[in-house]
Amino acid sequence: MLQYSFGFMYFCTLIPLKLFYMATTKKIQSALISVFHKDGLAPIVEKLDQLGVTLYSTGGTEKFINDMNINVIPVEEITEYPSILGGRVKTLHPKIFGGILNREDHEGDRQEMKDFDIPQLDLVIVDLYPFEKTVASGAPEQDIVEKIDIGGISLIRAAAKNFKDTLCVSSMEDYDEVLELLFEQNGATTLEQRKYFAAKSFNVSSNYDTAIFNYFNQTAELPSLKVSEMKGDVLRYGENPHQKGYFYGDFEAMFDKLHGKELSYNNLLDVDAAVNLMNEFHGEAPTFAILKHNNACGIAQRGTVKQAYVDALAGDPVSAFGGILISNTEIDEATAEEIHSLFCEVVIAPSFSEKALEILKGKKNRILLKQKLYKLPKNTLRSCLNGTLVQDRDNLTDTLENLTEATNNKPSATELDDLLFASKVCKHTKSNTIVLAKNKQLCASGTGQTSRVDALRQAIDKANAFKFDLKGAVMASDAFFPFPDCVEIADNAGITAVIQPGGSIKDELSVDYCNNHGLSMVFTGVRHFKH
């Protein structure tokens, strides 16, 4: 008796489930197809035709379907209106949008569909003009404006809004998924599936609108922030294992990943710091840097990339363990052999020789990135409180032309080279920072200190620990010296030249000390805080 009762109860629970499935599952009987990108469309059209779906289309898509010898109805037969204004107006008509937006369970809507002879549209496959690609191509504004889609974006929004009755496919990237549904479910879709595709469609439409706004806001400069990234990756975790982490952006546009495990949240931060630092040395002699926790622990510029690596490693062979390595030139076999003995997370270069790749792939988890030429965004963004901080990227690099000699003693040509080298490193080191360099090699840096004096002492202690001779070395500071204490400490350590922004009301105190003790000092006029 108990067994019978349980079976009866189970049967009763199946009835509402079946009714729910029937109520939410809908067979596609008609489709509107109007796309710019037709790659991968043919198999969908063929399957829809096999399923007996009535097809409607416009312009080039209509011709595409006709060329497949498949029946298709021009939208003009529905609207009784031709495409006008050079194709700017084709689908913007009540008979099209009524077929998409009508509520099939609404008696009033059903009656109006009959009264106005509006065909039901169960599936809408529409994409958008390539606005972003047109902007990126450097096309004139007239061409860019013509790539602002009106009909397509309206159709996507309408179909996605009415996901209860309409399936919206808004990108060629979804064609395979849609085709799989058509085969597996014989042309039927569930409410859950339609809502899923609606979300994808609104993702497309919001990204498109963001791109258009950002284009116009280059000149309008409205105080509004719009950010949209279509590509995203789930990371193993965030900064720490208990935090979720994601990366949104087109990583493949900047790098070819040649080998190794997946990059972590912290890897990506270090790669970002490495790329920004090495951009300072683009096109210069072979330069190699090793970074840890977003700061350079070693960097050197030499006649060969191998020697640049060896001397960069000498800057701090302890911190280099598990670090991020980057070169501004191809990594060859000799350099790869040197690198291979070091445990490092990531190696970045514009190219690798065949032999170098073979060697470096010897560690299965070592990440090898081939860097592409890519222009970084002009702004940097950072979350702050309940909002976002936005600023111009610090694209100013100190050069000979913008230096002002502040002391009677002038730096030598060698010292000037070292000062500019140190300044570039300093710009990409956490504030407060002091950088010590000699012969285009980082001797040491004090990073992220609350006091500039502490940063200097940290740098000197570290340089001494790794047996650097600081006599004749130079010092770079990311901000001015309000007191002469730093130049005095530097002088006592053997440093002979200083580069700093200047701008303190007490600049003369440091300048006077340098004049009295034979040091040279130059002002850049540019502060490079990095927090």
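For the structure, see preceding data.
These remarks concern the structure in this document. (Residues numbered from 1 in each chain as written. Predicted model: local features only at pLDDT ≥ 70, side-chain atom pairs only at ≥ 80, totals over all residues. Heavy atoms only, no water.)

**A look at the sheet that holds strand β10 (residues 255-259)**
Stage number 1. The sheet built from 6 strands is open, its strands ordered β10-β15-β14-β13-β11-β12 with mixed pairing. Edge positions in the sheet fall to β10 and β12 (295-301), since each of these pairs with one other strand and no more. The average undirected angle you get between the axes of adjacent strands in this sheet is 20°.
Stage number 2. Pairing between strand β11 (residues 287-292) and β12: 6 bridges, direction antiparallel. When the bridges of β12 are listed, K292 appears paired with N295.
Stage number 3. Where helix α12 (residues 265-278) meets the sheet, it contacts β10, β11, β12, β13 (323-327), β14 (344-349) and β15 (367-371), and its direction lies at approximately 150° from that of β11. (Pairing = 2+ DSSP bridges. Helix = DSSP H or I, 4+ residues; strand = E, 2+ residues; numbered from the N terminus. Axes fitted to C-alpha atoms, helices over the stretch in contact; angles between N-to-C directions. Contact = heavy atoms within 4.5 Å.)

**Thoughts on the layout of surface pockets**
Stage number 1. In this model, the second largest pocket occupies a volume close to 500 Å³.
Stage number 2. Contributing elements (two or more residues each) for the lining of the second largest pocket: α3 (59-67), α8 (141-146) and α9 (151-161).
Stage number 3. Here the lining of the second largest pocket takes 3 residues from α9, the largest share from any one element.
Stage number 4. Its residues placed into classes, the lining of the second largest pocket shows 9 nonpolar, 9 polar and 6 charged. (1 Å grid on protein atoms, 1.4 Å probe; cavity = no way out; pocket = protein on both sides within 12 Å on 5 of 7 lines; lining within 4 Å. Points joined across faces, edges and corners; volume = space filled by probe spheres on them. Nonpolar A, V, L, I, M, F, W, Y, C, P; charged D, E, K, R; others polar.)

**A closer look at the packing of aromatic side chains**
To describe a pair of aromatic rings, you give the distance between the ring centres and the angle between the ring planes.
Stage number 1. Taken as a whole and judged by the stated rule, the model has 11 aromatic pairs.
Stage number 2. One aromatic cluster is present, built from ring pairs that chain together F131, Y208, Y215 and F216.
Stage number 3. In this structure, K226 packs its charged tip against the face of F213, placed 4.7 Å from the ring centre. (Phe/Tyr/Trp six-rings, centres within 6.5 Å; stacked < 30°, edge-to-face > 60°. Lys NZ or Arg CZ within 6 Å of the ring centre and 35° of its normal.)

**Focus on unusual backbone geometry**
Stage number 1. In this structure, the amide linkage connecting S431 to the following residue, N432, adopts the cis form with an omega of -15°.
Stage number 2. Looking at the secondary structure, you find N432 in the loop between α16 (413-427) and β19 (434-437).
Stage number 3. For H293, which is not glycine, the phi dihedral falls at a positive 50°.
Stage number 4. Topologically, H293 is positioned in the loop between β11 and β12.
Stage number 5. For H293, a relative accessible area of 64% translates into the label exposed.
Stage number 6. A positive phi angle, near 50°, is found at L385, a position not held by glycine.
Stage number 7. Positionally, L385 belongs in the loop between β16 (379-384) and β17 (387-392). (Buried < 20%, exposed > 50% of the residue type's maximum accessible area, 1.4 Å probe, protein only.)

**Focus: the environment of E229**
Stage number 1. Assignment of secondary structure puts E229 in the loop between α11 (191-220) and β8 (232-234).
Stage number 2. In this structure the C-alpha to C-alpha distance between E229 and F421, which are 192 residues apart in sequence, comes to 35 Å.
Stage number 3. Residues in contact with E229, not counting those within four places in the same chain, are N207, Y248, G249 and D250.

**Some remarks on a negative patch on the surface**
Stage number 1. A contiguous patch of negative charge, built from E330, D332, E333, E337, E338, E354 and E358, is present on the exposed surface.
Stage number 2. Elements represented by at least two residues in the negative patch include exactly α14 (333-340) and α15 (354-360).
Stage number 3. The greatest single-element share of the negative patch, amounting to 3 residues, is contributed by α14.
Stage number 4. Structurally, E354 is set in helix α15.
Stage number 5. On the basis of relative accessible area, E354 is assigned to the exposed category, the value being 72%. (Patch = residues over 30% accessible without salt bridge, like charges linked within 9 Å, V, L, I, M, F, W, Y side chains within 5 Å. Areas by Shrake-Rupley, 256 points an atom, 1.4 Å probe, with all protein chains shown as cover. Salt bridge = Lys/Arg side-chain N within 4 Å of Asp/Glu carboxyl O. Lys, Arg positive; Asp, Glu negative; His and termini not counted. Charge placed at Lys NZ, Arg CZ, Asp CG, Glu CD.)

**Digging into helix α18 (residues 485-493)**
Stage number 1. Residues C486, V487, I489, A490 and D491 constitute the buried set of α18.
Stage number 2. Buried positions along α18 lie against α17 (452-465), β21 (474-477), β22 (497-500), α19 (507-517) and β23 (520-523).

**Describing the environment of A289**
Stage number 1. By the secondary structure assignment, A289 is in strand β11.
Stage number 2. Using a relative accessible area of 0% as the deciding quantity, one classes A289 as buried.
Stage number 3. Remark: the alpha-carbon pair of A289 and G323, spanning 34 residues in sequence, is separated by 9.9 Å.
Stage number 4. Beyond its immediate sequence surroundings of up to four residues, A289 is in contact with L277, M278, G298, I299, I324, L325 and I326.

**Quick word on the sheet that holds β19**
Stage number 1. A sheet is described by the order of its strands in space; here 6 strands give the open sequence β18-β23-β22-β21-β19-β20, paired in mixed fashion. Two strands bound the open sheet, and with one partner strand each, they are β18 (404-405) and β20 (442-446).
Stage number 2. By the bridge criterion, 4 bridges tie β22 to β23 in an arrangement that is parallel. Bridging across to β23, I499 finds its partner in V522.
Stage number 3. Against the sheet, α16 contacts β19, β20, β21, β22 and β23, and its axis sits at roughly 35° relative to β21.

**Focus on the nonpolar core**
Stage number 1. The biggest cluster of nonpolar side chains holds 40 residues, and the ones touching the most others in it are I348 and L369.
Stage number 2. Residue contacts for I348: discarding those within four places in its chain leaves F255, V271, A274, I324, L325, I326, S327, I331, L369 and Q371.
Stage number 3. Listed in part, the 27 residues of the second largest apolar core include A459, A473, I489 and M521. (Core = buried A, V, L, I, M, F, W, Y, C linked by side-chain atoms within 4.5 Å.)

**Structural notes on empty space enclosed by the protein**
Stage number 1. Taken as a whole and judged by the stated rule, the model has 1 cavity of 30 Å³ or more.
Stage number 2. Counted as a void, the largest cavity has a volume near 70 Å³.
Stage number 3. Lining the largest cavity are 13 residues, with D398, S423, S477, D478 and H528 sitting closest to its centre.
Stage number 4. Secondary-structure elements contributing two or more residues to the lining of the largest cavity are α16, β21 and β22.
Stage number 5. Ranked by the residues each element gives to the lining of the largest cavity, the list is headed by α16, at 3 residues.
Stage number 6. The residue inventory of the lining of the largest cavity, partitioned by class, reads 5 nonpolar, 5 polar and 3 charged.

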